[in-house]
Amino acid sequence: MPKNLVIVESPAKAKTIEKYLGKDYKVMASQGHIRDLHKSDFSIDVDHGFLPIYEIPDDKKRCVAELKKATKEAQMVWLASDEDREGEAIAWHLYEVLGLKPETTRRIVFHEITKPAILEAIEHPREIDINLVNAQQARRVLDRIVGFELSPVLWRKIKPGLSAGRVQSVAVRLIADREKEIADFKSEPYFRVTSAMQPEGADVTLSAELSRRLDSRDEAMAFLEACKEASFAVSDVNVRPLTKCPAPPFTTSTLQQEAARKLGFSVSQTMRVAQSLYEAGRITYMRTDSVNLSTLALGAIAKEVKENYGDDHYKRRQYTTKARGAQEAHEAIRPTFVSEHEIQGTAQEKKLYNLIWKRTIASQMADAKIEKTTVDIAISNRDEHFSASGEVVTFPGFLKVYTESTDDETFAPSSSTLPPIQAGTPMAPKSIEATQRFTQQPVRYTEASLVRRMEELGIGRPSTYAPTISTIQQRNYVAKGESKGEARSCEVMTLAKGKITSKTKTELAGAEKGKLLPTDVGMVVNDFLIEYFPNIIDYHFTANVENDFDDVAEGITEWTDSIANFYADFHPSIKDVSSLRLEHKVGERVLGDDPKTGKPVSVKITRFGPAVQLGNAGEDGEKPRFASLRADQSMQTITLEEALMLFELPRTLGQFEGEDVVASIGRFGPYVRHAGKFVSIPDGLTAETISLEEAQELIALHRKNEEQRVIATFDEEPEMQVLNGRFGPYISYKKANYKIPKGRDAHALTLEDCREIVADEANASKSSARRAAAKKATRKTTAKKPATKTATAK
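Cut-offs used in this document
Residues numbered from 1 in each chain as written. Predicted model: local features only at pLDDT ≥ 70, side-chain atom pairs only at ≥ 80, totals over all residues. Heavy atoms only, no water. 1 Å grid on protein atoms, 1.4 Å probe; cavity = no way out; pocket = protein on both sides within 12 Å on 5 of 7 lines; lining within 4 Å. Points joined across faces, edges and corners; volume = space filled by probe spheres on them. Helix = DSSP H or I, 4+ residues; strand = E, 2+ residues; numbered from the N terminus. Nonpolar A, V, L, I, M, F, W, Y, C, P; charged D, E, K, R; others polar. Polar contact = N/O pair within 3.5 Å; in protein donor to acceptor, adjacent residues only side chain to side chain. Contact = heavy atoms within 4.5 Å. Buried < 20%, exposed > 50% of the residue type's maximum accessible area, 1.4 Å probe, protein only. Axes fitted to C-alpha atoms, helices over the stretch in contact; angles between N-to-C directions. Parallel < 35°, antiparallel > 145°, perpendicular 65-115°, else oblique. pLDDT = per-residue confidence, 0-100. Pairing = 2+ DSSP bridges.

On to the layout of surface pockets. Taken as a whole, the second largest pocket holds about 1,700 Å³ of empty space. Asp36, Glu86, Arg140, Asp143 and Pro467 are, among the 50 residues lining the second largest pocket, the residues nearest its centre. Those elements giving two or more residues to the lining of the second largest pocket turn out to be strand 3 (36–37), strand 6 (54–55), helix 2 (58–73), helix 3 (85–97), helix 5 (130–157), helix 9 (267–279) and helix 13 (465–474). Taken together, the residues of the lining of the second largest pocket sort by class into twelve nonpolar, 18 polar and 20 charged.

Considering the arrangement of structural elements, one finds glutamine 275 in helix 9. Within polar-contact distance, the side chain of glutamine 275 engages the side chain of glutamate 279 at 2.8 Å. For glutamine 275, the contacting residues outside a window of four places in its chain are Met286 and Arg287.

Right, let's talk about helix 4 (residues 115–123) for a bit. What helix 4 keeps buried is the set Ala117, Ile118, Leu119, Ala121 and Ile122. Where the residues of helix 4 are buried, they touch helix 1 (11–20), strand 2 (25–29) and strand 7 (76–79).

Okay, the packing of helix 6 (residues 168–184) against helix 13 next. Put simply, helix 6 and helix 13 touch, their axes get as near as 9 Å, and they point 70° apart. In terms of orientation, helix 6 lies roughly perpendicular with respect to helix 13. Taken together, the residues of helix 13 that come into contact with helix 6 (itself represented by Gln168, Ala171, Val172 and Ile175) are Thr468, Thr471 and Ile472.

Applying the stated criterion across every chain, the model contains three cavities of 30 Å³ or more. The computed volume of the second largest cavity comes to approximately 50 Å³. Ser169, Val172, Tyr477, Gly522, Val525, Asn526, Leu529 and Ile537 together form the lining of the second largest cavity. Class assignment for the residues of the lining of the second largest cavity results in five nonpolar, three polar and no charged.

Looking at the protein, pLDDT values average 89 and 93% of them are 70 or higher. pLDDT under 50 marks residues 409–415. Its contacts with residues more than four places away, or in other chains, come to three contacts. Every residue in residues 780–794 is under pLDDT 50, and counting partners more than four places away or in other chains gives 15 contacts.

Moving on, we get to unusual backbone geometry. Backbone torsion omega between leucine 649 and proline 650 reads -5°, so that peptide bond is classified as cis. Its location among the elements puts proline 650 in the loop between helix 17 (640–645) and strand 23 (651–656). You will see that alanine 675, though not glycine, has its phi angle at about 55°, which is positive. Considering the arrangement of structural elements, one finds alanine 675 in the loop between strand 25 (669–674) and strand 26 (677–680). Taking relative accessible area as the criterion, alanine 675 reaches 49% and is therefore assigned partly exposed.

What follows deals with the sheet that holds strand 1 (residues 4–8). Backbone-to-backbone hydrogen bonds pair the strands of a sheet. The strands run either parallel or antiparallel. Read from one edge to the other, the open sheet built from four strands follows the order 2-1-7-8, with strand pairing classed as parallel. A strand with exactly one partner marks an edge of an open sheet, and here the two such strands are strand 2 and strand 8 (105–107). Looking at each pair of strands side by side, their axes are set apart by 20° on average, direction ignored. Looking at chain direction, strand 1 and strand 7 are connected through four bridges and run parallel. By the bridge assignment, valine 6 is partnered in strand 7 with tryptophan 78.

The next thing to look at is the pairing of strand 13 (residues 385–395). Across two bridges, strand 10 (residues 206–210) lies against strand 13 in antiparallel orientation. Within strand 13, the residue paired with leucine 210 across the bridge is phenylalanine 386. Of the pairings in the sheet, the one linking strand 12 (residues 368–379) to strand 13 comprises ten bridges and is antiparallel in character. For threonine 374, the partnering residue across the bridge sits in strand 13 and is serine 389. Joining the antiparallel neighbours strand 12 and strand 13 is a turn of five residues.

This is how it looks when you write it as structure tokens:
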């Protein structure tokens, strides 16, 4: 057994680190936390200083046993978990559970997994920082109190199985509040006026825009009429230099935002890929709110910039972190070796590494210099003027490497140039166009913009952004989807050759993709929490709690004091709300009465989700009827008529070929059922309104597609079929699919041909599995051999 045992969090990290250390070191993984609060118990002793009661989960007992055995055989144990609060807590739990002793235990941290960084950490160990441990314990205990005491209230008042969380509930509120802003928004029309203008004596055209919006059609028409008789001339030419600075290197939140914009990654996907890059030694630690770069890194970046782009493109910059609680000893996210422009890895790893490399290099490059020209064009009989502008990059600087994206890139920065032009130059408009536009509603959050907003408000920390956003989607409070928007008409009036013409075009307003939308359950839970637990869901309260945790981490306050102060207010409010008797179910909307029966119709959250209720329990001895809302319907907007139509399903449309044709809605959307077959109802038709004739057309089309799908069947082997698929012909046999080799005609295959192809592919799969097993066994044998290299660490 080696003299030294190094314990890290993940097996992947252990594998990388073991390459850098010699035969005197064994590296093992704890695989995250080895103990935690019990999953199904409160596990907090409120009467004894909020003492957490920890347990070792069943799935970690084997790991703990192996670690205990290894620590007894080692002379020195090095706790090398991550450098954040969670990592410090893991180190402390390891120390406690494994029964380690101070004289034979060392705590080491590193910002990157490289040989110099690992050896440097071993040369400079430290003790476990109990303040960081307590900050983590405070967060864990507070979140457990909120979750365990508040969630049962939601079960009783709204729906079983719901949960609430200190950070997740505030994140849901951000999304719900934005949805309410959109619902309350009243779009106002206006006219935007543009013109294609030609300087006198020049064969070029300038795109110009009127200096102000026009409020109405009458005003736009009056302006165009005036332009018929007007003359136009350049009144001013303004040329001014602009300087653009690079963005600082990545923090956790800015990496999540930029990866979403540039690569289309989700927040959790970004963190997953970044974790693998870190564990492979490619980048520094990926959970950080610091923009600081080490002196060593600054020197390496300077060398890289000068060698590849020239001395004039280099500018040393020392960024400072503004966020409270950020640790300047930590670094921003950067490549461990900036000389490596590209890496080996998955496509996602390559893309994210390239993004991090470019951002890091650009952060130490010179400002970009831009010359912006603005030309004002006067109108002889009006006070307004037209403006045309253009930009020329005179020195690219950091733009040679990287340009930061924004969440709203509807209007991309102009890179057009303007021809040489002087004040007084007459201008001739080829056309002047007044286009009706509408003020834009607030934009829904993406995952990236939600992270930015949470960071601005001080809600959460780098380690919590991704888990929070994943949690609120998993619990069906928020869904990532699209808003179809509404079609609306816009008028375009054009003045050309002395005549004004008008046309109408249609645009889709409010359509959005990949945005976060609150579900009905999310909206109801949010409204309930705002009414009865305003502190828990208050932005400032949540941010102040994070500041309290920072105070604990810095040793300013005791973590139990923060918890006690919170509990003194929170626990009584739980009791008060639990005892309330509510007249209506939380979130219920009364829509009106059914004209046929006179029974009340309402929409509410049931144990199975949002539903419409017809009638009340106990009325006329009849049970109320329920109908679930469709996926495209909302409790906030459904009307009485739409609600009543849900009770008309399933609808029997009539008979076709002696069989009933039934329209209804299932888990995959609206459908028509006929003779045991199900046919989806496409967009443009609904289960509530589809006619028998339309259903017959769908059935006929479905049959035709099915006939084209089946190339061949075999009576001797009913389970063997040759089918047409999305990616071409294939063989289907016993619920498994098999590729047809290139060069073989699918239509000419016999039963024996198909059997041969199936057998060949099955044999190939077995051979591949045997090779994989042999390769795995070889790796295990190799891992047992002593390392031939020795480390310089002592």
